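# Summary of structural features
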Amino acid sequence: MVRKPATLKDVAALANVSRATAARALNSYGYVGDETAQKVQAAAEQLGYRGNRLAQALRNGQLPIVGCILGDIQNPFFARIAHDIEVLARERGHNLVIGSSEEELAQEISLLASLQSLSIRGFIVAPTSADNNAHLQGLIAENVPLVLIDRVAEGVDCDNVLVDNEGGARKAVEYLIAMGHRHIGLLQDDMRIFTSRERMSGYQAALAAAGIAPDDRMVSVSQSTVEHAVDATIRLFSQKSPPTALFTVDSLMTQGALLAFRSMGISIPHDVSLIGFDDFNLATFTDPQITVVSQPVSEIGRAAARLLFDRLSGKNEPPQKIRFETKLIVRGSVSRRSDG
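Residues numbered from 1 in each chain as written. Predicted model: local features only at pLDDT ≥ 70, side-chain atom pairs only at ≥ 80, totals over all residues. Heavy atoms only, no water.

An unreviewed UniProt entry annotates the chain as LacI family transcriptional regulator originating from Shinella lacus.

Structure below.
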């Protein structure tokens, strides 16, 4: 016969106190004399009473859970970051709740509100908007620990972890220019996203430094999914005078571009050269292998988690700004061109 778990009523009866007194003694609220508290604790131990630890933690604001809201966890970049944050959270005795905004501001706001209602102790967020950030400012005003990852948000003064997006994009486009390309396409995300703005800035800066006039026909906007990137690439390369090279701003777009080129019968690097921002597993399994701007993705998530747990442990210093460098990894997807 299975023994029923002990209840608060059982503990109160064994200790010969009221249920209200037993609850105060076990949950450390209100006044209970030392002798009575000891009797209640002894009764609880004798009966194996567990209590509602979740309810206790919620009341005390000590639930060992942190929240993480990322752009799209289907993106390998964010998937790796979520994994690394979860590993460090476990090391610190915490659980992680992960949400995906899917780059929608309304969804980010809704997720954050839902998680706040659970008394989650702190948050790591990749904000969908560089400008519309009242919900994040609200966290700061309430002294909720917050770390921004991969992006910054205007008016939100907190710890953040970034990479040099502009510098990485500039290195990629400078390399294409050095290889003789002057008609360089850009496959980019929505400009409200900080990383998209930064990578666009790097693209534009490299062109300007080489005396190449900007051309809106060379830029195609896509959502950060393989499917949308396929369509955006086909639009870009169906023009009368398409680019001779393409720079994509993330790994999902790079994969979409590869599929589009295959469907159009466009050969890399014979017909078009390609560089993608962010390395990905398939980049070295294609023929040719894809030249990429690599981010230290294995360091980004852990750095953000360390900053968050520093705050949770009481560290009170000015906000920390960590910016990692990128690296151009040259493989086989860029060819030299003599006619631009």
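## Here's the deal with the pattern of salt bridges
For the structure on display, the rule yields 14 salt bridges. Between Asp-279 and Arg-331 there is a salt bridge; the shortest N-O distance is 3.0 Å. Of the two residues, Asp-279 is situated in the loop between strand E9 (273-277) and strand E10 (291-294) and Arg-331 in the segment after strand E12 (327-329); the sequence distance between them amounts to 52 residues. Note on Asp-279: relative accessible area 26%, which makes it partly exposed. Where Lys-315 meets Glu-317, a salt bridge forms, and the shortest distance between an N and an O atom there is 3.8 Å. (Salt bridge = Lys/Arg side-chain N within 4 Å of Asp/Glu carboxyl O. Helix = DSSP H or I, 4+ residues; strand = E, 2+ residues; numbered from the N terminus. Buried < 20%, exposed > 50% of the residue type's maximum accessible area, 1.4 Å probe, protein only.)

## Things to note about the side chain of Arg-199
Its place among the elements puts Arg-199 in helix H9 (residues 194-209). A polar atom in the side chain of Arg-199 sits 2.5 Å from the backbone oxygen of Val-249. (Polar contact = N/O pair within 3.5 Å; in protein donor to acceptor, adjacent residues only side chain to side chain.)

## Brief notes about the packing of aromatic side chains
Overall, the coordinates contain three aromatic pairs when judged by the stated rule. When the ring of Phe-237 is compared with that of Phe-261, the centres are 5.0 Å apart and the planes differ by 90°; the resulting orientation is edge-to-face. Of the two residues, Phe-237 is situated in helix H10 (residues 226-237) and Phe-261 in helix H11 (residues 251-264); the sequence distance between them amounts to 24 residues. Take Phe-237 and Phe-261: they sit in the same class, and that class is buried. Between Arg-199 and the ring centre of Phe-277, over which it is positioned, the NZ or CZ distance is 3.7 Å. (Phe/Tyr/Trp six-rings, centres within 6.5 Å; stacked < 30°, edge-to-face > 60°. Lys NZ or Arg CZ within 6 Å of the ring centre and 35° of its normal.)

## Re the packing of helix H1 (residues 8-15) against helix H2 (residues 19-27)
Relative to each other, H1 and H2 sit at 100°, their axes nearing to 9 Å. In terms of orientation, H1 and H2 fall into the roughly perpendicular class. Contacts from Leu-8, Lys-9, Val-11 and Ala-12 in H1 reach Arg-19, Ala-22, Ala-23 and Leu-26 in H2. Its residues assigned to classes, the contact of H1 with H2 shows six nonpolar, no polar and two charged. (Axes fitted to C-alpha atoms, helices over the stretch in contact; angles between N-to-C directions. Parallel < 35°, antiparallel > 145°, perpendicular 65-115°, else oblique. Contact = heavy atoms within 4.5 Å. Nonpolar A, V, L, I, M, F, W, Y, C, P; charged D, E, K, R; others polar.)

## Digging into the sheet that holds E10
Pairing in this open sheet of six strands is mixed, and the strands run E7-E6-E8-E9-E10-E12 from one edge to the other. Bordering the open sheet on either side are strand E7 (219-221) and E12, each of which pairs with just one other strand. Strand after strand, the sheet turns through a mean of 15° between neighbouring axes, direction not considered. Inspection of the sheet shows E10 paired to E12 by three bridges, in the antiparallel sense. Bridge pairing in E12 links Ser-294 to Lys-327. Against the sheet, helix H8 (residues 165-178) contacts strand E6 (184-188), strand E8 (245-248), E9, E10 and E12, and its axis sits at roughly 170° relative to E9. Set on the sheet, H9 makes contact with E6, E7 and E9; between it and E6 the angle comes to about 170°. (Pairing = 2+ DSSP bridges.)

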